[in-house]
Protein chains: 2
Amino acid sequence: MDTSDTDGRAAADLTARARIRDAALAEFADRGFKGATFQTIADAAGVSTGLIRHHFGSKEGLRRVCDEHAIGTLLDQARSSLGAEAAEPGFMASVYAMGAASARYLARALVEGSPAATEMFDAGSDLAEQFLSATWPDRFPAGGAAVRDAAAVMGAMHLGTLVLHAHLSRRMGADSLDPANLPRTGAAIADIYALMGDYFTGAQGALITEAVASAAHGKDEEDRDE
Amino acid sequence: MDTSDTDGRAAADLTARARIRDAALAEFADRGFKGATFQTIADAAGVSTGLIRHHFGSKEGLRRVCDEHAIGTLLDQARSSLGAEAAEPGFMASVYAMGAASARYLARALVEGSPAATEMFDAGSDLAEQFLSATWPDRFPAGGAAVRDAAAVMGAMHLGTLVLHAHLSRRMGADSLDPANLPRTGAAIADIYALMGDYFTGAQGALITEAVASAAHGKDEEDRDE
DNA sequence: CACCAGGCTGAATGAACGTTTAGCATTCTG
DNA sequence: CAGAATGCTAAACGTTCATTCAGCCTGGTG
């Protein structure tokens with residue numbers, strides 16, 4: 001993994017190799033793996049397309065390096081945030097603190113599929129599982145099906161704010177990944193949880209839960225041709 | 001919009017045109033717009049690539065038809081679910097009731113960008129905004145910045161379970177978009193809201209809110225080269 | 001100085017793929 | 001029945017793009 005905090009890190013990151021990687025991170029995030037081209041990446045990095053091949057071998061190789069760099073940056077960030085609060089809340093904090101470049105890359109990778117994205121989702125779900133079981137052991141017995149489902153859904157919901165950052169930013173009128181705007185997203189999540197809790201513990205909760213269960217039957221899959 | 005419930009709908013959907021559209025929906029969802037090829041779509045639909053051009057003009061034209069079909073299916077579904085519960089809970093119910101084909105297409109479109117995806121996100125956020133303001137008018141004054149942010153974040157979190165369905169399915173051990181498994185996701189969301197409410201209204205909530213705010217300063221954007 | 005290794009360039013190559021074109025078959029229509 | 005329109009196929013075309021190749025430049029080393 002080339003995100004180690006060893007000696008030559010900062011210096012090495014000024015090289016053309018690092019510029020290519022950063023440009024690729026941005027292009028993959030914006031246009032996806034297939035949509036990104038050597039030419040655009042090379043232009044953004046201020047190098048020739050030949051140099052990309054020289055350093056990374058192939059487009060797939062470049063993707064792999066981006067993948068490892070992004071997940072490495074996330075894990076570094078998570079570790080440096082005092083391992084104490086390695087629970088769920090801390091995980092999302094790390095995701096947002098890792099920097100926009102890697103975050104946007106991983107956001108897209110979560111949908112296009114990549115080892116790093118899978119690792120990130122699993123890490124979030126694992127931490128959520130620990131958190132839920134530790135906080136409500138009676139409601140969420142460790143290792144049970146209920147925690148597993150809840151943790152996975154919780155991970156998906158939280159990462160949803162990352163993956164859908166473009167839409168979120170549009171609705172909020174500001175870049176949701178800009179550190180200056182993080183408090184707005186954080187406050188919104190806190191508000192939602194605090195208030196929706198009332199809603200779901202009340203009578204409405206039972207109604208909705210029941211409605212969800214019945215919806216599984218009433219559904220009509222229109223358009224079943226062929 | 002060709003998802004109207006007019007007379008010839010069902011019959012027309014047995015045509016090659018409909019088969020192409022359905023195959024495109026699936027390919028675009030699986031491989032993305034750029035990753036999908038005429039050949040794969042044509043093979044899946046059992047037609048020649050020339051016929052795609054004949055019916056849709058170009059790849060972009062095919063995408064537009066998929067877009068309109070998917071959002072049309074969603075809106076039809078929302079309308080048919082008794083407009084009464086058109087609030088947020090009903091919106092997500094419609095998303096999951098619209099069928100896996102359109103849902104998976106829109107999941108990917110939400111990240112790659114498309115008019116239909118934007119319309120869907122906005123619809124979800126708008127309904128969330130109405131719901132939040134109507135339910136907690138003192139906490140969320142209608143038209144204020146707090147509701148707007150909370151509604152956008154809520155929309156992102158809920159749609160996160162759609163966009164990240166591949167990861168969710170992997171963790172849950174079953175296809176999260178299969179109607180048979182909807183109760184699991186629904187129950188998980190209900191559990192999360194019911195319990196996290198306790199957490200955030202307690203002392204922890206204040207701590208986390210504060211931590212989020214301070215994190216906006218303490219962040220270090222490593223890797224600022226170039 | 002001679003030499004060479006590694007960073008780097010730019011054009012050539014070849015495959016993948018969207019698009020175009022020509023034409024066949026079937027079905028309406030007057 | 002003539003003929004026009006529609007659904008459809010198959011091959012050719014041209015572009016885009018990842019990959020390859022030949023070689024330049026610079027700095028360090030014997």
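Described below are features of the structure shown in this document. (Residues numbered from 1 in each chain as written. Chains lettered and ligands numbered in written order. Predicted model: local features only at pLDDT ≥ 70, side-chain atom pairs only at ≥ 80, totals over all residues. Heavy atoms only, no water.)

### As for the overall build of chain A
When its secondary structure is counted, chain A shows twelve helices and zero strands. Going from the N terminus to the C terminus, chain A shows its helices and strands as α-α-α-α-α-α-α-α-α-α-α-α. For chain A, with 226 residues in total, the buried portion stands at 52%. Sequence-distant contacts in chain A: of pairs separated by 6 or more residues, those separated by 24 or more amount to 59%. (Helix = DSSP H or I, 4+ residues; strand = E, 2+ residues; numbered from the N terminus. Buried < 20%, exposed > 50% of the residue type's maximum accessible area, 1.4 Å probe, protein only. Contact = heavy atoms within 4.5 Å.)

### Some details on the interface of chain B and chain A
Across the boundary between the two partners, chain B contributes 86 residues, which contact 85 residues of chain A. Around 7,600 Å² of area is buried between chain B and chain A when both sides are counted, 67% of it from carbon and sulfur atoms. The interface formed by chain B and chain A holds 14 salt bridges in total. For Glu129(B), the salt bridge goes to Arg171(A), with nearest N and O atoms at 3.6 Å. Top element by residues in the side of chain B that touches chain A is helix H11 (residues 182–201) of chain B. It accounts for 19 residues. By residue class, the composition of the side of chain B that touches chain A is 43 nonpolar, 17 polar and 26 charged. (Buried area = accessible area lost by both parts, 1.4 Å probe. Salt bridge = Lys/Arg side-chain N within 4 Å of Asp/Glu carboxyl O. Nonpolar A, V, L, I, M, F, W, Y, C, P; charged D, E, K, R; others polar.)

### Some points on the protein's contact with DNA strand C
Neighbouring residues of DNA strand C: 13 residues in total, closest Ser48(A), Ala36(B), Phe38(B), Arg53(B) and Lys59(B). In the environment of DNA strand C, a phosphate oxygen lies 2.6 Å from a nitrogen or oxygen atom belonging to the side chain of Arg53(B). Top contributing element to the surface near DNA strand C by residue count: helix H4 (residues 49–56) of chain A, with four residues. (Near = heavy atom within 4 Å. Polar contact = N/O pair within 3.5 Å; in protein donor to acceptor, adjacent residues only side chain to side chain.)

### Details of the relation of the copies chain B and chain A
When chain B is fitted to chain A, the residual RMSD is 0.0 Å, and the transformation amounts to a turn of 180° plus an axial shift of 0.0 Å. Both copies are brought into coincidence by an operation consistent with a two-fold rotation axis. With an isologous cut-off of 70% or more, the 98% of interface residues of chain B that recur at the interface of chain A puts this contact in the isologous class. (Least-squares fit on C-alpha atoms with pLDDT ≥ 70 in both.)

### Things to note about the environment of Ser133(B)
Residue and element names in this part refer to chain B. By the element assignment, Ser-133 lies in helix H8 (residues 115–135). Taking the C-alpha atoms as reference points, Ser-133 and Gly-144, eleven residues apart in sequence, are found 9.2 Å from one another. Apart from residues lying up to four places away in sequence, Ser-133 is in contact with Phe-140, Pro-141, Ala-142 and Val-147.

### Structural notes on the protein's contact with DNA strand D
Taken together, 13 residues sit near DNA strand D, with Ala36(A), Phe38(A), Arg53(A), Lys59(A) and Ser48(B) positioned nearest. When atoms of DNA strand D within 4 Å of the protein are sorted by moiety, sugar and phosphate together comprise 69%. Take Arg53(A): an N or O atom from its side chain is 2.7 Å from a phosphate oxygen of DNA strand D. Residue Ser48(B) places a main-chain N or O atom 2.9 Å away from a phosphate oxygen belonging to DNA strand D. Considering every element that reaches the surface near DNA strand D, the biggest residue donor is helix H4 (residues 49–56) of chain B, with four residues.

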